[in-house]
Amino acid sequence: MDYPNSKVFHDISETECRQMMECFDAYERRYTAGQTICEYNQGSTLVGILESGSASLIRIDVYGVRTILETLSPGEMFGEALAFSGLSEDSIAVVCDKDAKALFFEYSHITRPCSNTCAHHTQLLENIIRLMAQKSMALSERIEVLSRRTIRDKLLCYFSLQATRHNSHTFELPFSISALADYICSDRSAMMREMKNMRQSGLILADGRKITLLL
């Protein structure tokens, strides 16, 4: 894992990261696209860090409706212990999108410092709190997208957020077009028709996952 480039290990040296993971009894597992990395509502106390590949946090409600709650890239954390409460009866899981490798350790290692009380452990906790705040902001953005009434408005809101994040009107979607429909809670065929209309209206250019916002 490229520790220095992971937000989880910001301001912690690679040597300190490796020492800490050894202290945490961390272990690695590999996954192929389509595999479930972890399921929530299972009482798991594991925390995962995606080392490579990509994954999505997916919810399937009691009616079978599939929704992407979050996309995960290398260096990001996941785990039931870090999740919001009140998951009810919905099925929630982290699913591998692209062949991936993940690092796991017990959540208790974060909340209970070891006898060495290392300074880098305190830095790790600060980094995790910062990441949780960022996840909260991402959730707010998601609510903003889903609050729009029409498919076009949802797409324009999401594309505008991506353009701002990339500081460019041209950007690449973090997931497939099919996954985009799940993300905005729309029927895929209806969304594809709307994107075609948006291209014809001169609102966007689309080349696979590459989008250019023309507004």
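Scroll up a little and you will see the structure.
Remember, predicted model here, so these are calculated numbers, not experimental data.

Peer 1: Would you mind going over helix 6 (residues 188-200) with me for this structure?
Peer 2: Residues spaced three or four apart along an α-helix face the same direction, because each turn holds 3.6 residues. Between its first and last C-alpha atoms helix 6 spans 18 Å; for 13 residues at 1.5 Å apiece the expected length is 18 Å, and the two agree. Lining the buried residues of helix 6 we find helix 4 (151-166), helix 5 (177-183), strand 8 (204-207) and strand 9 (210-213). Put simply, Asp 187 is the residue that caps the front of helix 6, since its side-chain oxygen is 3.2 Å from the backbone nitrogen of Ser 189. Gly 202 lies just past helix 6 and shows a positive phi near 75°.

Peer 1: I keep staring at the pairing of strand 4 (residues 66-72) and nothing clicks. Help me out?
Peer 2: Along a regular strand, successive side chains alternate from one face of the sheet to the other. Sheet topology places strand 3 (residues 46-60) next to strand 4; six bridges connect them, and they run antiparallel. Paired with Arg 59 across the bridge in strand 4 is Thr 67. Hairpin connection between strand 3 and strand 4: a loop of five residues separates the two successive antiparallel strands, and Gly 64 in this loop has a positive phi of roughly 85°.

Peer 1: How do you make sense of the sheet that holds strand 7 (residues 170-172) when you look at a structure like this?
Peer 2: Within a sheet, each strand pairs with its neighbour through backbone hydrogen bonds, oriented either parallel or antiparallel. On the basis of which strands lie adjacent, the open sheet formed by three strands has the order 7-9-8 and antiparallel pairing. In the strand order of this sheet, the two ends are held by strand 7 and strand 8, each with one partner. Shown here is a sheet whose adjacent strand axes are inclined to one another by a mean of 20°, direction ignored. Pairing between strand 8 and strand 9: four bridges, direction antiparallel. Looking at the pairing, Ile 204 lines up with Leu 213 of strand 9. This element, helix 6, spans strand 8 and strand 9 of the sheet and lies at about 125° to strand 8.

Rules used in this analysis
Residues numbered from 1 in each chain as written. Predicted model: local features only at pLDDT ≥ 70, side-chain atom pairs only at ≥ 80, totals over all residues. Heavy atoms only, no water. Helix = DSSP H or I, 4+ residues; strand = E, 2+ residues; numbered from the N terminus. Expected span 1.5 Å × (residues − 1). Contact = heavy atoms within 4.5 Å. Polar contact = N/O pair within 3.5 Å; in protein donor to acceptor, adjacent residues only side chain to side chain. Pairing = 2+ DSSP bridges. Axes fitted to C-alpha atoms, helices over the stretch in contact; angles between N-to-C directions.

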